[in-house]
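Listed here are the chains, written in short residue letters.
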Amino acid sequence: MGKEIFDSIDRFFGEEPMNKHEDRRCPNCRRIIPEDARYCPYCQKKFW
Ligand SMILES: [Zn+2]
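A quick note: this is a predicted structure, and the numbers were derived from the prediction, not measured.

1. Re the overall build of the chain
A count of helical and extended segments in the chain gives one helix and two strands. Listing every helix and strand of the chain by position from the N terminus yields α-β-β. Of all 48 residues assigned to the chain, the portion counted as buried reaches 4%.

2. Remarks on the environment of Ile32
For Ile32, the location among the structural elements is in strand β2 (residues 32-33). Taking the C-alpha atoms as reference, Ile32 lies 9.5 Å from Tyr42; in sequence the two are ten residues apart. Discounting chain neighbours no more than four positions away, the residues touching Ile32 are Asp23, Arg24 and Arg25.

3. What to know about the confidence of the model for the chain
In regions of low pLDDT, the predicted coordinates are not meant to be interpreted in detail. Looking at the chain, pLDDT values average 79 and 62% of them are 70 or higher. Looking at the elements of the chain, mean pLDDT is at its lowest for helix α1 (residues 2-14), recorded as 67, and at its highest for β2, recorded as 94.

4. A look at unusual backbone geometry
For Arg30, which is not glycine, the phi torsion reads 65 degrees and is therefore positive. Within the fold, Arg30 resides in the loop between β1 (24-25) and β2. Given 11 C-beta atoms within a 10 Å radius, Arg30 is considered exposed. Residues other than glycine seldom take positive phi values, yet Gln44 does so here, at roughly 70 degrees.

5. A short note on the environment of Lys46
In this fold, Lys46 is placed in the segment after β2. The residues touching Lys46, leaving out its near neighbours within four places in the chain, are Arg38 and Tyr39.

Procedures and definitions
- Residues numbered from 1 in each chain as written.
- Predicted model: local features only at pLDDT ≥ 70, side-chain atom pairs only at ≥ 80, totals over all residues.
- Helix = DSSP H or I, 4+ residues; strand = E, 2+ residues; numbered from the N terminus.
- Buried ≥ 20, exposed ≤ 12 C-beta atoms within 10 Å, placed from the backbone.
- Contact = placed C-beta atoms within 7 Å.
- pLDDT = per-residue confidence, 0-100.

This is the structure we're talking about:
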């Protein structure tokens, strides 16, 4: 019984979406953009 409780706690925290990835934002328009985007889909600003 004790083990199952720890399992569910582990799953609960594991499913928390926070801090999975830091949000990447466009430095130009400050919108959240996909992590692998090479340019901003909103303002077309290129990154690196
Ligand atoms: Zn942008």
